[in-house]
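# Working through the structure, step by step
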Amino acid sequence: GAKDIADALKVNTSLTSLDLYNNEIGDEGAKDIADVLKANPMSALISLSGAGEADEFVKNRNRQRFLDTLNGNEKAEFARLRVMFVGQGRAGKSATVRSMLGKPFSPEWDSTVGADVSESVVNGSSWGDETDQIDFASALAVKMMNRHKEMKSSSPKRIEKSPVVAPLPSSSKTEMNNTETTKGDQLQNKGHQLSNFVDKDQNKKDLKRNSPVKNDRPKKNLQEDIVREYDEELILEAHERKNDLALSLWDFGGQEVFYTMHHIFLTKTGIYVLVFDTRELLDLEKMEEAKKYLLFWLRSINMHAPQAPLLLVGTFCAEIQDEMRRVDKILRKLSKHFCSQIVTNESLVFFPIDNKERLNIQELRKAIEHEARNDPAMKQEVSIRWMAFLDDLLSHKSSKSYLTMNGDVNHVANKFGLSRQERYIALGLFHERGLIIHLTATEALQNIVIVKPQWIIDALGKVIRDSSIHVDISEYERDGLLDDAQLLFEEGIASRDLLGYLWNYDQTEFFIDLMKRTMLMSDYQQDGFLIPSLLKENKDMGAVDTRCVVDFSTTFLPHGVFQRLVCLCVEYVSRKTSFDDSIRMNKNYAHFIAFADQEVELVEDLSRQAILVSSSDIEKVVRILSSMLLKINGNVMGGRLKYKVLVDGKELQPQKTLDIQPRTLDIDLFLDSLD
């Protein structure tokens, strides 16, 4: 009976739950069980019921272990990764994501605008659609407990550890649930520009970036903030899910108009899934177009994330069952320069699936999970303090879409004792894993932490979208904005009235400023804005007398580089002259009457993978354009653009174009520095 159970528990280190109700254990038997558990610090028992005083002992010991872990300085792996689904429009990316999540196939599913973000928890063969907010700090603490078999016994003298939290003062104004807003919060509510959030003393603070946060206030333990989350069910659930893997699934819109925007969200770590329609690779009329998109994405992924694993996924395979080898042969030839990144599927270089017929879905899940679990990024360990920092940031999602570094973020970081350097590293990790968006290109962008990624994606997608698929022009006619809408989707020019309407007159100035600082938009004409990615192509523009060639042919010219160059040029010219007939543009061409006192033409020549420049005083123009390209490369392309500049056939030697580094300057300061 109870004695036999007690004898077994003396050496057991794996049992986690034991129910002894209706077994007539008795007080003496309960004492025997409690005594052996006290003498066995290696016991993994989490839940015990029906054993009297032993029940309470197990509960108290696990609570103490949990609190000790929260208050410790140990680290554990953060089992979470981002998976990015990219490819040509209508290739079946959204259907593939739905298949991964076990959702039914829908032939009428709308084309993705911008990107859609889903959360999933992988547990064996199941990919759950995760919608509940996770308590990351508690989950990590339980993971640490489960990871170590050797634990302290229940009654040693408590060892005092270095506290990890600096508490808020007891004043009601600074309690966790305070309603008093910071200056940054007040600006956010009004939708002010990002420039309003810049710390004026930032340069002085940068000198102290590596210094720990000073805090002379009384300290308390982190456990006091999270103890309310402890219960046996939490521990048992975490134990059962100790091998779970969290995946953030990003489904990127495949229409070309979105490619300029995608550069903001593609990360250097994670897993890339390049989805294509197998039928189009076998269709003589569509083959070249399909190969063009595949090659674009192969190059783009290799530029943004050269070390990330890449899976090629061919949809509609049920319709080409006898043609797998033909598709494989085409892909091998197309991807021969990217072999080190591509994850193969036994004898095939791609994963054939069919979302409608549910063919090979489980095989694709297993491949993605295998790559995720073996990804070096998954080995990065984090502390409880970092997870508590993350929990606190995400707790604001119910009331705010973004936070400011000068407001909430620094307040929370100070609370959990994160140095200035540490908080930026932590935010970078959370960004890479898909939990937040934290752009670091300039000081103003660094000051914004977006806690709702889908919010900013949707906002940009309200403006940047494919008018042939995603725009119902009658909607604008009903609201008296037909002319404004036609101007935007036909000529790429947005009025402030239309932007306010698209964004529901909420945070309009914030979104305008964000788009300008990410070089998606520039001022144009009186109270208007130019969005180059919406310009239409003009194939009859005539020949250009080219004196300068910016040659990207050794790698490739990504979508978005020329459009951002046009953005910067328009902003630069607008400071010098009026817009009346001084600028003419289309999708791949720009003509400036007075650019640095010169007439300048720019052409995006994708057949040559080059930008062509025409001007009389070419040296002055090239110096300015080179600085602009450095800015684009550093801010958006991660410094991985490869190109050479040729003037009158001779290559210019690489050199700093300015005495300052254009990457770190905000747009206004950068443009001022060009004179």
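Below: a short report on this structure. (Residues numbered from 1 in each chain as written. Predicted model: local features only at pLDDT ≥ 70, side-chain atom pairs only at ≥ 80, totals over all residues. Heavy atoms only, no water.)

## Quick word on the overall build of the protein
Quick note on the threshold: Elements are defined by DSSP. Helices are runs of H or I of four residues or more, strands are runs of E of two residues or more, and each kind is numbered from the N terminus. Here a residue-residue contact requires only that any non-hydrogen atoms of the pair lie within 4.5 Å. Note on areas: Shrake-Rupley, 1.4 Å probe, and residue coverage restricted to the protein chains presented here.
Scanning the protein from N- to C-terminus turns up 27 helices and 23 strands. Of the contacts made within the protein by residues no fewer than 6 positions apart, 76% connect residues no fewer than 24 positions apart. Summing over all exposed atoms, the protein offers an accessible surface of approximately 31,100 Å²; the carbon and sulfur share of this is 46%.

## So, the packing of helix H1 (residues 2–9) against helix H2 (residues 26–38)
Operational definition: Interaxial angles span 0 to 180 degrees and are taken between N-to-C directions of axes, which are lines fitted to C-alpha atoms, for helices over the stretch in contact. An angle below 35 degrees is read as roughly parallel, one above 145 as roughly antiparallel, one from 65 to 115 as roughly perpendicular, and any other as oblique.
Where H1 meets H2, the closest approach of the two axes is 9 Å, and the angle between their N-to-C directions is 5 degrees. Taken together, the axis directions place H1 and H2 in an arrangement best described as roughly parallel. Facing Ala-2, Ile-5, Ala-6 and Leu-9 of H1, the residues of H2 in contact are Gly-29, Asp-32, Ile-33, Val-36 and Leu-37.

## Quick look at helix H13 (residues 324–334)
Just so we agree on the cut-off: Relative accessibility thresholds used throughout: buried, under 20% of the residue-type maximum; exposed, over 50%; partly exposed, between the two (1.4 Å probe, protein chains only). For this quantity, the arc is that covered by the directions from the helix axis to the C-beta atoms.
When we look at burial in H13, the residues that qualify are Met-324, Val-327, Asp-328, Ile-330, Leu-331 and Leu-334. The buried side chains of H13 occupy one side of the element, clustering within an arc of 165 degrees when seen end-on. Opposite its buried face, H13 presents the exposed residues Arg-325, Lys-329 and Lys-333, each directed more than 90 degrees away.

## Some details on the sheet that holds strand S10 (residues 351–352)
Quick reminder of the rule: Here, a strand pair is defined by DSSP locating no fewer than two bridges between the strands.
With respect to topology, 7 strands assemble into an open sheet ordered S6-S5-S7-S4-S8-S9-S10, the strand pairing being mixed. Each edge of the open sheet carries a strand with a single partner, namely strand S6 (126–129) and S10. Note that strand S4 (residues 80–87) and strand S8 (residues 271–277) share 5 bridges and pair parallel. By the bridge assignment for S8, Gly-87 is matched with Val-275. Against the sheet, helix H4 (residues 93–100) makes contact with S4, strand S5 (115–123), S6, strand S7 (245–252), S8 and strand S9 (310–315), and its axis sits at roughly 145 degrees relative to S4, the strand it touches most. Contacts between helix H12 (residues 287–304) and the sheet are confined to S4, S8 and S9, with S8 contributing the most and set at about 175 degrees to the helix.

## Here's the deal with the packing of aromatic side chains
The line we're drawing: For Phe, Tyr and Trp, rings pair up if their centres lie within 6.5 Å, where Trp contributes its six-membered ring, and each pair is then called stacked (planes under 30 degrees apart), edge-to-face (over 60) or tilted (otherwise). A positively charged side chain is recorded as over a ring if its NZ (Lys) or CZ (Arg) lies within 6 Å of the ring centre. The angle to the ring normal must also be within 35 degrees.
Counted according to the given criterion, the structure contains 21 aromatic pairs. Here Phe-592 and Phe-595 contribute two aromatic rings whose centre-to-centre distance is 5.9 Å and whose plane-to-plane angle is 50 degrees, an arrangement assigned as tilted. A relative accessible area of 1% means that Phe-595 is categorised as buried. Taking the ring centre of Trp-250 as reference, the NZ or CZ of Arg-82 above it sits at 4.0 Å.

## Some words on the nonpolar core
Put simply, the test is: The nonpolar core is taken to be a set of buried Ala, Val, Leu, Ile, Met, Phe, Trp, Tyr and Cys residues, with the residues joined through side-chain atoms within 4.5 Å.
Counting residues in each nonpolar core, the largest one holds 124 residues, and the members touching the most others are Phe-265, Ile-456, Phe-595, Leu-602 and Met-628. Apart from the residues within four sequence positions on either side, Leu-602 is in contact with Phe-562, Leu-565, Cys-569, Asn-588, Tyr-589, Ala-590, Phe-592, Leu-612, Val-613 and Leu-625. By size, the runner-up hydrophobic cluster in this structure holds 41 residues, among which are Leu-394, Ala-413, Tyr-424 and Val-449.

## Considering the environment of Phe-670
Assignment of secondary structure puts Phe-670 in helix H27 (residues 667–673). Note on Phe-670: relative accessible area 0%, which makes it buried. Sequence spacing of Phe-670 and Leu-568 is 102 residues, and the spatial spacing of their C-alpha atoms is 9.8 Å.

## Comments concerning the pairing of S5
In the sheet, S5 pairs with S7 via 8 bridges, with the strands oriented antiparallel. Looking across to S7, one finds that Asp-116 is bridged to Asp-251. Of the strand pairs in this sheet, S5 and S6 are connected by 4 bridges, and their pairing is antiparallel. What sits directly across from Val-122, in S6, is Trp-127.

## A short note on the environment of Leu-418
Here Leu-418 lies in the loop between helix H16 (405–415) and helix H17 (420–432). As a C-alpha pair, Leu-418 and Trp-386 span 32 residues in sequence and 8.0 Å in three-dimensional space.

## Here we look at the side chain of His-591
Our working rule: Pairing of N or O atoms within 3.5 Å defines a polar contact, subject to two protein rules: one partner must be a possible hydrogen donor and the other a possible acceptor, and residues neighboring in sequence count only if both atoms are side-chain atoms.
Mapping His-591 onto the fold places it in strand S19 (residues 589–595). Within the structure, His-591 has its side chain in polar contact with the side chain of Arg-584 (distance 2.5 Å). Beyond its immediate stretch of four places on either side in the chain, His-591 contacts Ser-582, Ile-583, Arg-584, Glu-599, Val-600 and Glu-601.

## Comments concerning the side chain of Glu-571
Here is the rule we go by: A residue counts as positive if it is Lys or Arg and as negative if it is Asp or Glu; His and the chain ends are not included. Salt bridges are identified by distance alone: a Lys or Arg side-chain nitrogen within 4 Å of an Asp or Glu carboxyl oxygen.
Along the chain, Glu-571 turns up in helix H25 (residues 561–574). Among buried Asp, Glu, Lys and Arg side chains, Glu-571 stands out as unpaired, with Lys-516 the closest opposite charge at 4.2 Å. In terms of polar contacts, Glu-571 uses its side chain to reach the backbone amide nitrogen of Asp-523, at 2.9 Å. Excluding anything up to four places from it in sequence, Glu-571 contacts Lys-516, Ser-522, Asp-523 and Leu-671.

## With respect to the sheet that holds strand S20 (residues 598–605)
Strand order in this open sheet of 7 strands is S18-S19-S20-S21-S17-S22-S23, and the pairing throughout is antiparallel. Strands at the two margins of the open sheet, each flanked by one partner only, are strand S18 (583–586) and strand S23 (650–651). Note: S20 against strand S21 (residues 610–614), 5 bridges, orientation antiparallel. Considered in S21, the bridge of Asp-605 is made with Ala-610. On the sheet, H25 packs against S18, S19, S20 and S21 and is oriented at approximately 20 degrees with respect to S19.

## Examining the pattern of salt bridges
In total, this model carries 24 salt bridges according to the counting rule given. With a closest N to O distance of 3.3 Å, Arg-326 and Glu-323 form a salt bridge. A residue is classified by how much of its surface remains accessible, and Glu-323, at 27% relative accessible area, is partly exposed. The partner of Asp-523 in a salt bridge is Lys-516, with the nearest N and O atoms 2.9 Å apart. Note on Asp-523: relative accessible area 26%, which makes it partly exposed.

## Examining the packing of helix H5 (residues 136–147) against helix H9 (residues 232–240)
Under the convention used in this document: Two helices crossing with the near one rotated counterclockwise from the far one by less than a right angle form a left-handed crossing, whereas a clockwise rotation gives a right-handed crossing. Only Asp, Glu, Lys and Arg are considered charged, only Ala, Val, Leu, Ile, Met, Phe, Trp, Tyr, Cys and Pro nonpolar, and every remaining residue, Gly among them, polar.
Running from amino to carboxyl end, H5 crosses H9 at an angle of 70 degrees, the nearest separation of the two axes being 9 Å. Comparing their axes, H9 and H5 come out roughly perpendicular. Between H5 and H9 the crossing geometry is right-handed. Residues Ser-138, Val-142, Met-145 and Asn-146 of H5 form the contact with H9, whose own contacting residues are Leu-234, Ile-235, Ala-238 and His-239. Class assignment of the residues belonging to the contact of H5 with H9 gives a composition of 5 nonpolar, 3 polar and no charged.

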